[in-house]
Amino acid sequence: ADEVPLEDELKKYPICVHCGMNRGMWHHSRHLVHYDDGLAVGTCSIRCLAVNLSLNLDRGVKAIWVADYADSGKPKKMVNADLATYLVGSSLKGTMTMNSKMAFASEKAAADVKGASGGSLVSFNSALLSAYQDMAQDTIMIRKRRAEKQKKRMKKTAQ
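Source: prediction; values computed, not measured.

Calculation rules
- Residues numbered from 1 in each chain as written.
- Predicted model: local features only at pLDDT ≥ 70, side-chain atom pairs only at ≥ 80, totals over all residues.
- Heavy atoms only, no water.
- Helix = DSSP H or I, 4+ residues; strand = E, 2+ residues; numbered from the N terminus.
- Buried < 20%, exposed > 50% of the residue type's maximum accessible area, 1.4 Å probe, protein only.
- Contact = heavy atoms within 4.5 Å.
- Polar contact = N/O pair within 3.5 Å; in protein donor to acceptor, adjacent residues only side chain to side chain.
- 1 Å grid on protein atoms, 1.4 Å probe; cavity = no way out; pocket = protein on both sides within 12 Å on 5 of 7 lines; lining within 4 Å.
- Points joined across faces, edges and corners; volume = space filled by probe spheres on them.
- Nonpolar A, V, L, I, M, F, W, Y, C, P; charged D, E, K, R; others polar.
- Pairing = 2+ DSSP bridges.

Draft legend 1. Spatial organisation of the environment of Lys101. Relative to the helices and strands, Lys101 resides in strand β6 (residues 101-104). A relative accessible area of 7% means that Lys101 is categorised as buried. Ignoring sequence-local partners within four residues, the contact set of Lys101 consists of Ile46, Leu87, Val88, Ala127, Ser130, Ala131 and Asp134. Here the side chain of Lys101 touches Asp134 through a polar contact of 2.8 Å, side chain to side chain.

As structure tokens, this is what we get:
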């Protein structure tokens, strides 16, 4: 149990529990869920958050935080996901997805990025729904990329 999950969260939860990605490298799209029994789980993206929420369906959620894409800090500050505005389907590079889903603390900041990058402004719940809808195609893409990397490693090892 972790009663203060945001405190040093990248040190406590450095790796995404579902894909193994370094959350510090992907600090701009990371999420952190805190369940009502005290369990806290860090993910690299809303896609991996969706996986975690599905696996923990019987746990109540105390809070979900997301990185504010507009924040200039490194790592980007975390904000309550329910209060964030998500930009879905823009030309921004997605994390673990082909259909980008980035969160902003400010709707105005999200609208400014939308003007340059396209996409749609939505709530957390709509972005989560989009993550679930994209999951099958994203899983196929991830499996293909990992198979290609494995093939390259095997080729190098054989030489």
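Here the narrative resumes, following the displayed structure.
Draft legend 2. Region of interest: unusual backbone geometry. The omega torsion of the bond from Lys74 to Pro75 falls at 5 degrees, within 30 degrees of zero and hence cis. Along the chain, the position of Pro75 falls in the loop between β3 (61-67) and β4 (78-80). Positive phi is not limited to glycine here, since Asp8 has a value of about 55 degrees. Summarising the element assignment, Asp8 is placed in the segment before α1 (9-12). One non-glycine residue, Met96, lies in the positive phi region at around 65 degrees. By secondary structure assignment, the location of Met96 is in the loop between β5 (85-88) and β6. The exposure class of Met96 is buried, given its relative accessible area of 12%.

Draft legend 3. Broad picture of empty space enclosed by the protein. One pass over the full model with this rule turns up 1 cavity of 30 Å³ or more. In this structure, the largest cavity occupies an estimated 30 Å³ of space. Together, Ser29, Ser45, Ile46, Thr95, Thr97, Lys101 and Met102 line the largest cavity. Residues that form the lining of the largest cavity fall into these classes: 2 nonpolar, 4 polar and 1 charged.

Draft legend 4. Here's a closer look at the layout of surface pockets. One number sums up the size of the largest pocket: a volume of about 350 Å³. Met21, Met96, Ile142, Arg145 and Lys149 are the residues nearest the centre of the largest pocket, which is lined by 13 residues in total. The residue makeup of the lining of the largest pocket, split by class, is 6 nonpolar, 3 polar and 4 charged.

Draft legend 5. Quick look at the pairing of β6. Here β6 shows no split at all, with Lys101 and Ala103 on one side and Met102 and Phe104 on the other all buried. Across 4 bridges, the pairing between β5 and β6 is antiparallel. Residue pairing across strands places Thr85 opposite Phe104, the latter belonging to β6.

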